[in-house]
Amino acid sequence: MRSQNRNVTDMKRCLQLIPRGGLANRLRAINSGFGFAVDLDVNFSITWMARPECNCRFSDLFEPITGVATKSFRRVQSRILDFSYDMRLPCLFNGRLFLDNDVMSGKSGYEQLSISIAEHDVTVRTTCDFFPGKGDFSWLTLNTHLEREVERVVSGFGENTIGVHIRRGDNTKSIQYSPLEEFIALLGDEVSRDDKVQFY
């Protein structure tokens, strides 16, 4: 709920989102930020940092979002120089409230953000889905080059095409509890049912 004692002529509060993690985590966070901003009628901006886990610019993937300011910063090798590593200091200088992943991942993250945005401009840095009203991503459009590439790949799919994501790298639980042998066995089961099955 927005504060009742603000002057109606005041400018809208601003939510600056810094989505973190891999692409899926970032999309989840952006979808939440977009839905939150529309629901509470606040200005919304995205600060996109190229990091090892998602080393590209926002514009490399998507068209601009109407009404949403987006800034992209390339990856800086030195963490001393890379201010994307911690945005608390810039928030101190510009008077924004800073909420990190440890807040937004909790059960009260949405409530705390809703209360805070009534009195402050807020910067949120998170990997989380923090808005309970799930969006359908209809506001997000692939850039033209990437859309053509997706269409090229999908055009080769048969009637029975199964997407497979074998997660490795940073997820130790996936490695421990989902060994490659289990994936291979499941894929083999699909082949035994339909020898024309395709895997992507």
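Residues numbered from 1 in each chain as written. Predicted model: local features only at pLDDT ≥ 70, side-chain atom pairs only at ≥ 80, totals over all residues. Heavy atoms only, no water.

1. As for the sheet that holds strand β1 (residues 14–19)
Thinking step 1. Taking strand neighbours across the sheet as the criterion, the five strands line up as β3-β2-β1-β5-β4 in an open arrangement whose pairing is parallel. The sheet is open, and its two edges are formed by β3 (69–73) and β4 (97–99), each paired on a single side. Averaged over neighbouring strand pairs, the angle between their axes works out to 20 degrees when direction is ignored.
Thinking step 2. For β1 and strand β5 (residues 122–126), the ladder comprises five bridges, and the chain directions are parallel. Looking at β5, one finds that L17 is bridged to V124.
Thinking step 3. In the packing of helix α1 (residues 23–40) onto the sheet, contacts are made with β1, β2 (43–49) and β5, and the angle to β2 comes to roughly 165 degrees. (Pairing = 2+ DSSP bridges. Helix = DSSP H or I, 4+ residues; strand = E, 2+ residues; numbered from the N terminus. Axes fitted to C-alpha atoms, helices over the stretch in contact; angles between N-to-C directions. Contact = heavy atoms within 4.5 Å.)

2. Some remarks on the environment of E111
Thinking step 1. Here E111 is to be found in helix α4 (residues 109–117).
Thinking step 2. Assessed through its relative accessible area of 41%, E111 is described here as partly exposed.
Thinking step 3. For the pair E111 and F130, spaced 19 residues apart in sequence, the C-alpha to C-alpha distance is 9.5 Å. (Buried < 20%, exposed > 50% of the residue type's maximum accessible area, 1.4 Å probe, protein only.)

3. A word on the pattern of salt bridges
Thinking step 1. Scanning the entire structure with this criterion turns up five salt bridges.
Thinking step 2. With a closest N to O distance of 2.8 Å, D41 and K12 form a salt bridge. Of this pair, D41 sits in the loop between α1 and β2 while K12 is found in the segment before β1, placing the two residues 29 residues apart along the sequence.
Thinking step 3. Looking at D41, the relative accessible area reads 38%, which means it is partly exposed.
Thinking step 4. Between R57 and D60 there is a salt bridge, with its nearest N and O atoms 2.8 Å apart. (Salt bridge = Lys/Arg side-chain N within 4 Å of Asp/Glu carboxyl O.)

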